[in-house]
Amino acid sequence: MKLEKIRVEVVNCAKTFPDGTRGLLPTNLTIEPGEVIALLGPSGCGKTTLLRLLAGLESADEGSRIVFGDQDVTRRPVEKRGVGMVFQNYALFPQMSVEANIGYGLTIRGVPAHERQKAVGELIDLVRLNGLEKKRPAELSGGQRQRVALARAVAVRPRILLLDEPLAALDAKLKESLRVELAELLRRLGTTAVHVTHDQQEALAIADRLAVMHAGTIVQIGDGESIYRKPTHPFVAQFLGRVNTLKRDADALANGVLRLGGNSVPCPEALRAHHSVMLRPEDVQLGPMQEGCALARVEQRVFLGDRVQFRVSTEGQEPLLVEMHGHSPYQVGNTVGISIDPDRLLPTVEISS
Ligand code: ATP
């Protein structure tokens with residue numbers, strides 16, 4: 001089944017609800033043809049509002065513009081936009097078989113039976129549900145239901161696919177395997193897609209680019225690796241993974257260094273003027289105390305299976321969170337040496353005047 005690939009443009013798009021709540025502040029976003037974008041952010045940041053505006057389930061404020069391909073759809077109702085939607089609970093029809101669920105949109109559009117059967121057959125192949133055509137949703141696993149929902153959403157050849165927290169209802173283990181499956185399926189479909197989630201791992205695994213949202217607007221957009229490594233907003237650094245904040249006093253600023261446990265680490269040129277910098281827990285190395293290391297004491301040790309998480313206290317800074325993969329011998333009360341790679345330091349927005 002061939003699906004259209006269109007560019008989606010969101011221009012100066014905002015939503016003020018009747019009670020005055022600003023669900024979305026003026027936002028711009030361009031989604032390339034066939035691209036999968038994740039709208040990622042905590043509860044209340046406006047991601048569902050943006051998705052509903054794209055779907056046509058909410059009307060945008062004056063001055064907003066939403067363009068699908070070369071058509072301005074800003075004032076078009078949902079049924080005239082050509083969107084396919086997948087919801088958290090899948091919203092499958094419980095009394096209908098897998099094939100009837102998938103073919104539903106075609107049935108209500110009056111597509112002749114032989115054409116419908118052909119399209120449903122192709123979709124069954126595409127989402128690999130062969131042999132399950134006659135089953136009802138209650139007889140399927142979570143992953144199979146998700147595939148039915150996806151096949152149903154694309155059966156009507158939408159121009160854009162909208163996914164609203166499609167994995168939120170599943171347990172952690174299933175979620176992990178299904179996000180890989182979903183990512184692969186979306187690539188096979190090749191359609192432009194917007195995926196709403198508050199789960200960073202899910203967004204990283206599924207999307208080509210992530211739009212991180214905070215307080216009603218997109219604060220940063222980019223591929224997962226660059227957003228994680230080069231956050232341009234402190235919220236992004238904190239939301240995508242964890243960070244330590246390290247302070248720099250007047251003396252450290254004057255000397256272009258960062259003071260840590262009796263040690264001085266040269267501060268990269270770009271961060272010289274910053275009163276504080278950030279560092280991810282996995283970018284702190286823990287080892288025996290030796291020259292060139294900062295002195296620290298292990299205050300807390302949490303074994304997390306594939307890694308060990310430590311809280312260490314060190315002179316001149318708030319306690320640091322440290323993560324080490326694999327085995328680590330250090331225990332609470334041990335004196336250790338910590339070292340950091342200055343290139344891994346992240347900027348905070350605050351800059352000295
Ligand atoms: P969640 O993950 O909890 O769904 P979200 O990021 O999707 O959160 P939105 O549902 O987009 O957030 O809501 C954005 C803001 O708009 C919130 O402050 C919310 O309370 C508000 N809001 C959403 N719908 C309405 C409405 N119908 N009337 C008034 N305010 C609303």
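Remember, predicted model here, so these are calculated numbers, not experimental data.

Colleague: How would you explain unusual backbone geometry if you had to name every residue and give the values?
Modeller: Even without a glycine there, the phi angle at Asn 12 is positive, about 50°. Its location among the elements puts Asn 12 in strand 1 (residues 8–16). Using a relative accessible area of 38% as the deciding quantity, one classes Asn 12 as partly exposed. Although it is not a glycine, Arg 157 adopts a positive phi angle of roughly 50°. Here Arg 157 shows up in the loop between helix 4 (142–155) and strand 7 (160–164). Residue classification places Arg 157 among the partly exposed residues on the basis of a relative accessible area of 47%.

Colleague: Summarise the pairing of strand 18 (residues 317–325); cite the residues concerned and give the values.
Modeller: Relative to strand 18, strand 17 (residues 307–314) runs antiparallel, the two sharing seven bridges. Looking at strand 18, one finds that Gln 309 is bridged to Glu 323.

Colleague: How would you sum up the sheet that holds strand 11 (residues 244–247)? Please name residues and give values.
Modeller: Reading across the sheet, the three strands line up as 11-14-20 and stay open at both edges, with antiparallel pairing between neighbours. The open sheet terminates on both sides in strands that have one partner only, identified here as strand 11 and strand 20 (346–347). In this structure, strand 14 (residues 276–279) lies alongside strand 20, joined through two bridges in antiparallel fashion. Residue pairing in the sheet places Val 277 in a bridge with Pro 347 of strand 20.

Colleague: Go over helix 2 (residues 98–108) with me, naming the residues and quoting the values.
Modeller: By the burial criterion, the buried members of helix 2 are Val 98, Asn 101, Ile 102, Gly 103, Gly 105 and Leu 106. Where helix 2 is buried, its residues meet helix 3 (113–126) and helix 4. Positioned one or two residues after helix 2, Gly 110 has a phi angle of 75°, which is positive.

Scoring rules and cut-offs
Residues numbered from 1 in each chain as written. Predicted model: local features only at pLDDT ≥ 70, side-chain atom pairs only at ≥ 80, totals over all residues. Heavy atoms only, no water. Helix = DSSP H or I, 4+ residues; strand = E, 2+ residues; numbered from the N terminus. Buried < 20%, exposed > 50% of the residue type's maximum accessible area, 1.4 Å probe, protein only. Pairing = 2+ DSSP bridges. Contact = heavy atoms within 4.5 Å.

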